[in-house]
Amino acid sequence: MKKKLFKRKDMIIENPLVTFNQPASKISEQYRTIRTNLKFSASNQYYKTILITSPLGGEGKSITVTNLGISMSQQGQRVLIIDSNLRNPNLHKIFKIDNSLGLTSILTGKSVLEGTVSQTEISKLDVLTSGPIPHNPTELLGSMTMIKLMKKIVENYDVILFDSAPVLEVADTTVVSNQCEAVVLVLDYATTENNDAVEAKRVLEFANARVVGAIINKAG
């Protein structure tokens, strides 16, 4: 693996928006450390499109992308978090947002970006939920409509974070990964096998994704 961005202490699942509700906490400070490390890992400028994924499910990537997004918005950046996990989405649950419209609605021509993005109670932080679960997620994510959407959101936001499906479970993530400037792997200290972490990195790099580091979740 490339350099680790940091080791994050155990997350309180009952408080998924910890960086918003407890900005002075140790966990919030660790997210600020990730934010800073991402900034300095970019050679010339801050990454605008960052995909967050994990080798397998249940390793904490949705909580991670949520709090990283909050931390970035607290620095004054306009942030959009997109739930591109079209098989098992979580962001609408975390933010308690209706998911009847979302990314799939835009990709299938049933909605447009302006009428689908949800503003959160957190200043400068917007969320685009997954929308209804489609029968062809890989094809939608690899479509020309998705490419055009990426170009549009880059013009409207400082940072776009993608909460993606586990890389070793479906092909969806590799389709989106090479459209992003950076990819970060979330690894669970207690459960992620070394072989899975190495294989996830290999799969992503084979898809021409730029893996810039890993976040060790629930580290002791």
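Structure first, text after, so check above.
Below: a short report on this structure. Model, not experiment: these values are computed from the prediction.

### Looking at the pattern of salt bridges
Phase 1 of the analysis: Going through the model one piece at a time under the given rule, you end up with seven salt bridges.
Phase 2 of the analysis: Between Arg87 and Asp172 there is a salt bridge; the shortest N-O distance is 2.8 Å. On the criterion of sequence distance, the pair formed by Arg87 in the loop between strand 3 (79-83) and helix 4 (91-95) and Asp172 in helix 8 (residues 172-177) is long-range, its members being 85 residues apart.
Phase 3 of the analysis: Residue classification places Arg87 among the partly exposed residues on the basis of a relative accessible area of 40%.
Phase 4 of the analysis: Linking Glu205 and Lys201 is a salt bridge whose minimum nitrogen-to-oxygen distance equals 3.2 Å. Linking Glu205 with Lys201, this pair stays in helix 9 (residues 194-206), spanning four residues, or about one helical turn.

### So, the nonpolar core
Phase 1 of the analysis: In this structure, Leu103, Ile153 and Phe162 are the most contacted members of the largest nonpolar core, which totals 33 residues.
Phase 2 of the analysis: For this core, the elements supplying multiple residues, two or more each, are strand 3, helix 5 (103-107), helix 6 (137-141), helix 7 (144-156), strand 6 (159-163), strand 7 (182-188), helix 9 and strand 8 (211-217).

### Regarding the environment of Ser100
Phase 1 of the analysis: Turning to its location among the elements, Ser100 is positioned in the loop between helix 4 and helix 5.
Phase 2 of the analysis: C-alpha of Ser100 to C-alpha of Met144: the two residues are 44 residues apart in sequence and 23 Å apart in space.
Phase 3 of the analysis: Once residues lying within four places of it in the same chain are set aside, the contact partners of Ser100 are Ser105 and Pro132.
Phase 4 of the analysis: A polar side-chain atom of Ser100 sits 2.4 Å from a polar atom in the side chain of Asp98.

Basis of the calculations
Residues numbered from 1 in each chain as written. Predicted model: local features only at pLDDT ≥ 70, side-chain atom pairs only at ≥ 80, totals over all residues. Heavy atoms only, no water. Salt bridge = Lys/Arg side-chain N within 4 Å of Asp/Glu carboxyl O. Helix = DSSP H or I, 4+ residues; strand = E, 2+ residues; numbered from the N terminus. Buried < 20%, exposed > 50% of the residue type's maximum accessible area, 1.4 Å probe, protein only. Core = buried A, V, L, I, M, F, W, Y, C linked by side-chain atoms within 4.5 Å. Contact = heavy atoms within 4.5 Å. Polar contact = N/O pair within 3.5 Å; in protein donor to acceptor, adjacent residues only side chain to side chain.

All quantities given are derived from atomic positions and should not be read as evidence of function.
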